[in-house]
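Architecture and fold: a report
So the chains spell out like this:
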Amino acid sequence: MRASLTILSLALGAALPLAAQQTSVVGVRPLAFGGLFPGLPRAILRTDPANSAQFDLKGHPGGSASFTFLLPAVMTGPAGATLPLVFGGNDGGFSASQSIASQVGFDPRTPYLATFVGNRASVFLGGTANPSVSQRAGAYTGTVTLTVVFF
Amino acid sequence: MSRLSIFVLALGSAAPLAAQGVLIAPHAVYIDHARRSGTVTLYNPNPDPAEITISTAFGYPVTDSLGHFALRTVDRPDSTLPSAAAWVQAFPRRLTIAPLERQTVRLLATPPAGLPDGEYWARLIVSARGGKLPLRSVADTAAVRVQLNLVVNTNIGLAYRKGPVATGVALSRLRARRVGDSVEVWSRLERRETAAYVGTVRAALVDSTGKVRSTLNAPIAVYFVMEPRYALAVARLAPGPYWVRYEIVTEREDLDPAVVLQAAAVRDSVPVRLP
Amino acid sequence: MFTATKVTILALALALVAARAATAQAQNNASINVTANVFRPITVVADRNLVFGNVFPGQGPQGMALASPSAGHFAITGEPSASVSMSWVVSPLSQGANTLPLSLSGTYNTVDLPAGSNLGAFASATAATLSGGATGQLFVYVVGTVTPAANQAPGNYTGTVQLTVIYQ
């Protein structure tokens, strides 16, 4: 009996990291504003297949997940120059089918709760860059972090 | 003699014209030998389509006898001139840009085999022709009607870089004098190394206490030799001795730092007296 | 033996709770970059054309004033204090073999006013400097004069005015 219980304990212990491996979130595509002109804002829609950000998720069929974005207020460029970013109430998108053409919009500035249909889904993100009229030329970058809590 | 009414119409009446011209960025194109391609983006800010044609030529900035910027063009550059004009092409060469739309034009270089390391230059000419407004119909069949077409060309620099390139500038003959309500500042700038010197001229007028009274920042590109003339505003300054501090640096806010070759700053100063 | 069983069962229970907790709240995060490239442009726009209205043959040169809404207007935008060179190509107004003499003149200024430095002869280039400040600007006003002959032939006369702005 002691041996059976030991084996059972070991099996349960091994199952713990396996459960964690069944969920994941991976950044697939950056949010790319491309070439910007000073004074001319540019919006990238969450449905833009080339320039919107995309995260691919692996979860549990029928399970829920909460999405929280950490969104930058600016991108940083040459000599510390900053380029303002704005994210609007419809710039986040969740697709249970991982299809950019079939997504439900949400506000990426607040946590969002979604339900998996299968075990894979995607989250898309758009936004608006607002270069000033005297924006310094050069490359600008920022970081967006998506935290997913799977239930 | 019967009076003929001659209607000379340029693109219609005094009604607002469909503006012509496009926004071109960047305003200087750099292509490296590894990629052999670059891009320029055109944006049509007007409410009508813009017909665009793109061509290349060879030329480089110089200064005239008055110290003003001019472009020296050479129709058939020989082998002593580092011309890339013959082997850089734009794709597409002709395009129409819809209102408020942007279009990227790709520039492809096909340099000759065995091209030595260095920097090669060309000028990119973007020609914009807007839509024509209809002529106002004239009841008098004896009238003369005229249409004036406007074409706007923008001529920007292009540089092709092969291998390691470096730049520098030598500053000499700095001089300054009061002219009207300005202090004119002249200098002789001679390019060193293999690539055009692209940077900024900074001039400052400093009084006897060391206080800066007038400043000037101006972008500059030295391909061979230039003797530019700048003017520092001095309208309300008190008479007396001043200094003009002059420096040239490879800093440009309007160009991607990745394309601006770095070189040591060059500085000099010269006294000037305001009468 | 009873104590050992209790401990084992407790361990199992704790493991089950932990496993459920791990399954119920697995947290993951990932980051992506946001990228952009800013280009500083040059813009040359002809936003108002020359409009001559009615002119009459044999009445000498006729045209418009610089401040007239009929005067042509160009706006150049680029880097503050950048040097530019402007050159013009003006084709004569013609209708078949008939020509209508046309001459142009104008001014340029860093403020949008129909005054300032003269463009001079349109046959040669004019050097200018864009304004300082946040954005470099230059405004060009162009006026024209036509001189229809007394026996000027009626018809459609066309011509082209070409402005080239050379940026250093």
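Starting afresh in each chain, residues are numbered from 1 along the sequence in its written order. Throughout, the order in which chains and ligands are written sets their labels, letters from A for the former and numbers from 1 for the latter. Given that this is a predicted model, residues contribute local features only at a pLDDT of at least 70 and side-chain atom pairs are listed and counted only at 80 or more, while totals for whole chains, interfaces and linings are drawn from all residues.

Before going further, it helps to spend a moment on the overall build of chain B. For the purposes of this entry, the term helix denotes a DSSP run of H or I that reaches at least four residues, the term strand denotes a run of E that reaches at least two, and both are numbered from the N terminus. Within chain B, the regular secondary structure consists of 0 helices and 20 strands. Buried residues are those with 20 or more other C-beta atoms within 10 Å of their own C-beta, exposed residues have 12 or fewer, and partly exposed residues lie in between; C-beta atoms are placed from the backbone. For chain B, buried positions account for 41% of its 275 residues. Once C-beta atoms are placed from the backbone, any two residues with those atoms within 7 Å are in contact. Residue pairs at least 24 apart in sequence account for 75% of intrachain contacts in chain B once pairs closer than 6 positions are excluded.

On to the overall build of chain A, then. When helices and strands are counted, chain A shows 1 helix and 13 strands. Counting from the amino terminus, helix and strand elements in chain A follow one another as α-β-β-β-β-β-β-β-β-β-β-β-β-β. Sorting the 151 residues of chain A into buried and exposed places 37% on the buried side. Contacts in chain A between residues at least 24 apart in sequence constitute 74% of all its contacts with a sequence separation of at least 6.

Moving on, we get to the sheet that holds strand β1 (residues 24-29) of chain A. Residues and elements named next belong to chain A. Taken together, 5 strands build an open sheet; the order of strands is β1-β4-β11-β8-β9 and the sheet is antiparallel. Here the strands that pair on one side only, and so sit at the sheet edges, are β1 and β9 (104-106). Ignoring which end each strand starts from, the neighbouring axes of this sheet average 25° apart. One bridge is not enough; two strands pair if DSSP finds at least two bridges between them. Judged from the 3 bridges that link them, strand β8 (residues 92-95) and β9 form a sheet pairing that is antiparallel. Looking across to β9, one finds that G92 is bridged to F106. Helix axes are fitted to C-alpha atoms over the stretch in contact, other axes to C-alpha atoms as well, and angles between N-to-C directions run from 0 to 180 degrees.

So, about the pairing of strand β2 (residues 42-48) of chain C. All names here are of chain C. Judged by how many residues are buried, β2 sits mostly within the fold: 6 of 7 residues are covered. Relative to strand β5 (residues 72-78), β2 runs antiparallel, the two being bridged by 5 bridges. Bridge assignment links V44 to a residue of β5, and that residue is I76.

Let's shift gears to the interface of chain B and chain C. For interface size, the figure often reported is the accessible area lost on association. Counting residues at the interface gives 47 residues for chain B, matched by 48 residues for chain C. Counting residues per element, the ones that place at least two in the side of chain B that touches chain C are β1 (6-8), β2 (23-25), β7 (69-73), β12 (144-162) and β16 (212-222) of chain B. A total of 13 residues in the side of chain B that touches chain C trace back to one element, the largest contributor, which is β12 of chain B. Note on residue categories: nonpolar means Ala, Val, Leu, Ile, Met, Phe, Trp, Tyr, Cys or Pro, charged means Asp, Glu, Lys or Arg, and polar means any other residue, Gly included. Here the residues of the side of chain B that touches chain C sort into 31 nonpolar, 13 polar and 3 charged. Here 2 bridges tie β2 of chain B to β2 of chain C, and the two strands are oriented antiparallel to one another. Of the residues in β2 of chain C, the one forming a bridge with I24 of chain B is I42 of chain C.

Before going further, it helps to examine the interface of chain B and chain A. Taken together, the contact between chain B and chain A spans 9 residues of the former and 7 residues of the latter. Elements represented by at least two residues in the side of chain B that touches chain A include exactly β2 and β4 (37-43) of chain B. The residue makeup of the side of chain B that touches chain A, split by class, is 5 nonpolar, 1 polar and 3 charged.

This part covers the pairing of strand β7 (residues 82-86) of chain A. All names here are of chain A. Alternating residues of β7 divide into L83 and L85, all buried, and T82, P84 and V86, none buried. Pairing of strand β6 (residues 74-76) with β7, which is carried by 3 bridges, proceeds in the antiparallel orientation. In the strand pairing of β7, V74 is matched with P84. Alignment of β7 against strand β12 (residues 127-129), held across 2 bridges, turns out to be antiparallel. Residue pairing in the sheet places L85 in a bridge with A129 of β12.

Glancing now at the domain arrangement of chain B. Residues and elements named next belong to chain B. The split of the chain into domains comes from an automatic or database domain assignment. For chain B, the assigned domains read domain 1 (23-162) and domain 2 (167-274). In this structure, domain 1 and domain 2 have C-alpha centres spaced 30 Å apart. Contacts between the two partners involve 16 residues from domain 1 and, on the opposite side, 13 residues from domain 2. Take the side of domain 1 that touches domain 2: its biggest share by element is 4 residues, from strand β6 (residues 59-63). Residues that form the side of domain 1 that touches domain 2 fall into these classes: 9 nonpolar, 5 polar and 2 charged.

Let us look at the confidence of the model for chain A. Confidence scores per residue from the predictor, reported as pLDDT, run from 0 to 100. With 86% of its residues at a pLDDT of at least 70, chain A reaches an overall mean of 90. In this model, residues 14-19 of chain A is a region of pLDDT below 50 whose contacts with residues beyond four sequence positions or in other chains number 7 contacts.

Examined against the element boundaries, A129 of chain A turns out to sit in strand β12. Among the residues examined, A129 of chain A registers 26 C-beta atoms within 10 Å and is labelled buried. In this structure, the C-alpha to C-alpha distance between A129 of chain A and L113 of chain A, residues 16 residues apart in sequence, is 27 Å. Ignoring sequence-local partners within four residues, the contact set of A129 of chain A consists of F33, L36, P41, R42, L83 and L85 of chain A together with A36 of chain C.

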